[in-house]
Amino acid sequence: MPPPPAGRGRRGDGAVLTALPVGEPAAELTGREVRRLVRRAEAALADTTVWSRLGSALDAATTTGVLVAVLGGVLASLREDIAARPPASGGVLSGAATGTLLGLVAVAAAVLVLDRLGPVSATPAAAAWWLPLPASRRALLRGELVRLTAGCAVVGAGLGLVGALLGEATPSSVAGGIAAGAVAGAGLAAATSVLQARGGAGRAGPVAGTVLVASATVAAVLATAAARGVLDAPAHGLSLGGGGWAPLVLVPLVAALGVAADRGLPRLRTGELRVLGGTAAYAGASVLSLDTRDLGRALAGRRERAPRRPWTFAAVRSPWQALVAADLATLVRGRWQAGQVLVGIALPVVACRTQGLNQLPVVVWLTFLVGWTLVAVAAGHPSRQAQAAPAVDRLLPLGPAQVTWTRAVVPLAVAAVACTLTGLLVGLGSGAPGSWTALAAAGAAGWAAAAVRGAYRPELDWAGPVMATPMGAVPVGVAATLLQGLDVALVASVPLLVALLVGGAPSASLVGVQLLWALAVGSGGIALTARRRSKAG
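Residues numbered from 1 in each chain as written. Predicted model: local features only at pLDDT ≥ 70, side-chain atom pairs only at ≥ 80, totals over all residues. Heavy atoms only, no water.

**Observations regarding the overall build of the chain**
Now for step 1: If you tally the helices and strands in the chain, you get 22 helices and two strands.
Now for step 2: Taken over 537 residues, the chain has a buried fraction of 39%.
Now for step 3: A separation of at least 24 residues holds for 81% of the contacts in the chain among residues at least 6 apart in sequence.
Now for step 4: Accessible surface for the chain amounts to roughly 28,200 Å². Of this, 69% is attributable to carbon and sulfur atoms. (Helix = DSSP H or I, 4+ residues; strand = E, 2+ residues; numbered from the N terminus. Buried < 20%, exposed > 50% of the residue type's maximum accessible area, 1.4 Å probe, protein only. Contact = heavy atoms within 4.5 Å. Areas by Shrake-Rupley, 256 points an atom, 1.4 Å probe, with all protein chains shown as cover.)

Spelled out as structure tokens, the structure:
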């Protein structure tokens, strides 16, 4: 039988053959050659052409350019609106100081994501085939490190552009902001990779989360104290893009970190790379399937905090009390929920105390929505855990409707505390702390319903019609599903928007309207969720 022909295999072979004389042993492949071999095999099996890839790249570039242009126009109109309005009282933080805080929050969030997903990882297929090969692990994983660094640099450049547009938006400041963001993003990727190589994977995330929560909380407290006249608030912030000198100074440091990260690749363990790769694949699949609940589970801590002592629940006498106690224990033992609540309380306070930003009632209202959405996400943690394991809701002698209503008890308590503290801190600097505290606390029922409704929202219907988007095919009713929970919160917060637009201290009648409206909307949202779950069985 004649030997098979040497050369490149045809499409469908599943491999690429190397041209070698018959009987001569194959030479040992290096890591770079293995990666090149895989790229050639993928190209041979792919159905796309060079022109289709160029078209996809052009579509992505066009979409990005349109988004940047729209964002620039919105920010420019906001600056003009702020300049045209008379200065509002209560603004004690400068825009630069608030921008520095937001930059610190963005850096801490990036470190959290990088620490949870790797930063360097290997997919299950790569861990099963690549890593056991006698090739250099450093060369095998170098491509992953380069892609990570490039991606972080692009994201950092985008954030730097947003920061520059929030400021003076001159050509030099925009260029400096983009360069500073790109260098900072690449530096974060390299630094976390070095820490991972030294056995510090999983340690940077808790530190970054602590910094994020502490910075937001301290900013809110200092702003409130400054509004009361107790101390002076910072009037300046940190600007890395000013003059363009900072990126040039940081480039050698980032390059040194990149070299150190590259040299540390051989020390990465196979088991750790496999676990991190599985987590990254899970997170990527969650993004592509538009499932934010699974994305949150992927980015959550690797292990739950062990309880210091067992809880006996001696006061529990009925099934609904047992369910409330279980939700409370789940929430207290969570790793990130308390920090999310603190950040959710701090964000609206900082927005109300920032000069210029406090002159835009709609923007302040949106900040309230963002902050209290974090509170609702934290309060809905037990319900999301139960949604992932449907058998939990069937352990007690309660119907689906009863379980749904009972699940709202803990979120209502959390939302009431968070909304009350937010209203109190906002009102302390306005001269009417009681009115603002009552108005904020009156809307807690809507946010509790949003937490439960968002946790039990149905899965996306991929069997129905889809529409083409730059990210691929998306179900037509994706917005109606993803916004379940947030829709209740938006409608229930309309009286708060009215109070911000009117200005001054909220009246007693407006507080009463807010309370009744939030109770009605929240009860309706939970009733709809309970009815859907009862029909589903």
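After that view, the rundown keeps rolling.
**Side note on a nonpolar patch on the surface**
Now for step 1: On the surface, a cluster of nonpolar side chains totalling about 720 Å² of accessible area is made up of Leu483, Leu486, Leu490, Val491, Val494, Val498, Val502, Val513 and Trp517.
Now for step 2: If you list the elements that add at least two residues to the nonpolar patch, you get α20 (486-492), α21 (494-502) and α22 (508-536).
Now for step 3: Position of Leu483 among the secondary structure elements: in the loop between α19 (478-482) and α20. (Patch = residues over 30% accessible without salt bridge, like charges linked within 9 Å, V, L, I, M, F, W, Y side chains within 5 Å. Salt bridge = Lys/Arg side-chain N within 4 Å of Asp/Glu carboxyl O.)

**Side note on empty space enclosed by the protein**
Now for step 1: In this structure the tally under the stated criterion is two cavities of 30 Å³ or more.
Now for step 2: Empty space within the largest cavity amounts to approximately 50 Å³.
Now for step 3: What lines the largest cavity is Trp372, Leu439, Ala440, Gly443, Trp447, Ala492, Ser493, Leu496 and Gln514.
Now for step 4: For the lining of the largest cavity, the class distribution of residues is six nonpolar, three polar and no charged.
Now for step 5: In this structure, the second largest cavity encloses a volume near 40 Å³.
Now for step 6: Asp115, Gly118, Pro119, Thr192, Leu195, Gln196, Gly200, Ala201 and Ala204 are the residues that line the second largest cavity.
Now for step 7: Ranked by the residues each element gives to the lining of the second largest cavity, the list is headed by helix α6 (residues 171-197), at three residues.
Now for step 8: A per-class count over the lining of the second largest cavity returns four nonpolar, four polar and one charged. (1 Å grid on protein atoms, 1.4 Å probe; cavity = no way out; pocket = protein on both sides within 12 Å on 5 of 7 lines; lining within 4 Å. Points joined across faces, edges and corners; volume = space filled by probe spheres on them. Nonpolar A, V, L, I, M, F, W, Y, C, P; charged D, E, K, R; others polar.)

**Here we look at the pattern of salt bridges**
A side chain of one charge can pair with a side chain of the opposite charge if their charged atoms are brought near each other.
Now for step 1: On inspection of all chains with the given rule, the structure shows nine salt bridges.
Now for step 2: One salt bridge connects Glu459 with Arg293, and the closest N-O pair in it is separated by 3.2 Å. A residue pair is termed long-range when its members are at least 10 positions apart, and Glu459 in the loop between α18 (444-455) and β1 (466-469) and Arg293 in helix α10 (residues 292-299) qualify at 166 residues.
Now for step 3: Residue Arg293 is classed as buried on the basis of its relative accessible area, which comes to 5%.
Now for step 4: Asp327 serves as the salt-bridge partner of Arg407, at 2.3 Å between the closest nitrogen and oxygen. Here the residue Arg407 occupies a position in the loop between α15 (400-406) and α16 (409-428), and Asp327 occupies one in helix α11 (residues 319-332), the gap between them amounting to 80 residues.

**Some remarks on the environment of Gly504**
Now for step 1: Here Gly504 shows up in the loop between α21 and α22.
Now for step 2: The class of Gly504 is exposed, set by a relative accessible area of 53%.

**Structural notes on the packing of α11 against helix α14 (residues 381-388)**
Now for step 1: Where α11 contacts α14, the axes come no closer than 8 Å and their chain directions differ by 105°. On the basis of the axis angle, α11 is roughly perpendicular to α14. Contact residues: Asp327, Thr330 and Leu331 in α11; His381, Pro382 and Gln385 in α14. (Axes fitted to C-alpha atoms, helices over the stretch in contact; angles between N-to-C directions. Parallel < 35°, antiparallel > 145°, perpendicular 65-115°, else oblique.)

**Quick notes on the environment of Lys535**
Now for step 1: If you trace the backbone, Lys535 turns up in helix α22.
Now for step 2: Separated by 135 residues in the primary sequence, Lys535 and Pro400 place their C-alpha atoms 9.0 Å from one another.

**Considering the side chain of Thr481**
Now for step 1: You can see Thr481 is positioned in helix α19.
Now for step 2: In this structure Thr481 touches Arg457, Pro458, Glu459 and Leu460, once residues within four positions along its chain are discounted.

**A word on α16**
Now for step 1: Taking 1.5 Å per residue as the helical rise, α16 with its 20 residues ought to reach 28 Å, and the 29 Å between its terminal C-alpha atoms agrees with that figure.
Now for step 2: When α16 is considered as a whole, its buried residues turn out to be Val410, Pro411, Val414, Ala415, Ala418, Cys419, Thr422, Gly423, Val426 and Gly427.
Now for step 3: Where α16 is buried, its residues contact α11, α12 (337-352), α13 (361-379), α17 (433-442) and α18. (Expected span 1.5 Å × (residues − 1).)

**Digging into the side chain of Gln387**
Now for step 1: Looking at the element boundaries, Gln387 is found in helix α14.
Now for step 2: A relative accessible area of 19% means that Gln387 is categorised as buried.
Now for step 3: At a separation of 3.3 Å, a polar atom in the side chain of Gln387 contacts the side chain of Glu459.
Now for step 4: Other than its neighbours up to four places away in sequence, Gln387 contacts Arg293, Arg297, Ala455, Tyr456 and Glu459. (Polar contact = N/O pair within 3.5 Å; in protein donor to acceptor, adjacent residues only side chain to side chain.)

**Description of the packing of aromatic side chains**
Now for step 1: Under the defined criterion, the tally for this structure stands at two aromatic pairs.
Now for step 2: Where Trp372 meets Trp447, the ring centres are 5.9 Å apart and the plane angle is 75°; that geometry is what we call edge-to-face. Within this pair, whereas Trp372 is found in helix α13, its partner Trp447 is found in helix α18, the two being separated by 75 residues in sequence.
Now for step 3: Taking the relative accessible area as the measure of exposure, Trp372 reaches 3% and is therefore buried.
Now for step 4: Judged by its relative accessible area of 5%, Trp447 is buried.
Now for step 5: Lying across the ring of Tyr456, Arg533 places its NZ or CZ 4.1 Å from the centre. (Phe/Tyr/Trp six-rings, centres within 6.5 Å; stacked < 30°, edge-to-face > 60°. Lys NZ or Arg CZ within 6 Å of the ring centre and 35° of its normal.)

**With respect to the packing of α16 against α18**
Now for step 1: Where α16 meets α18, the axes come as close as 8 Å, and the angle between the chain directions of the two elements is 135°. Taken as axis vectors, α16 and α18 run oblique relative to one another. Pair α16 / α18 crosses with right-handed handedness. Along its contact with α16, which presents Pro411, Leu412, Ala415, Ala416 and Cys419, the element α18 presents Ala444, Ala445, Trp447, Ala448, Ala451 and Val452.
Now for step 2: Of the residues in the contact of α16 with α18, the class split is eleven nonpolar, no polar and no charged. (Left-handed = near helix turned anticlockwise from the far one by under 90°.)

**Here's the deal with the nonpolar core**
Now for step 1: Counting residues in each nonpolar core, the largest one holds 51 residues, and the members touching the most others are Phe368, Trp372, Trp447 and Leu496.
Now for step 2: The biggest single contributor to this core is α13, with nine residues.
Now for step 3: Membership of the second largest hydrophobic core comes to 18 residues, among which are Val34, Ala126, Leu265 and Leu268. (Core = buried A, V, L, I, M, F, W, Y, C linked by side-chain atoms within 4.5 Å.)

**Brief notes about the environment of Gly284**
Now for step 1: Take Gly284: it is sitting in helix α9 (residues 270-288).
Now for step 2: As for Gly284 and Ala298, which are separated by 14 residues in sequence, their C-alpha atoms are 9.3 Å apart.

Everything listed is a geometric property; what it means functionally is a separate question.
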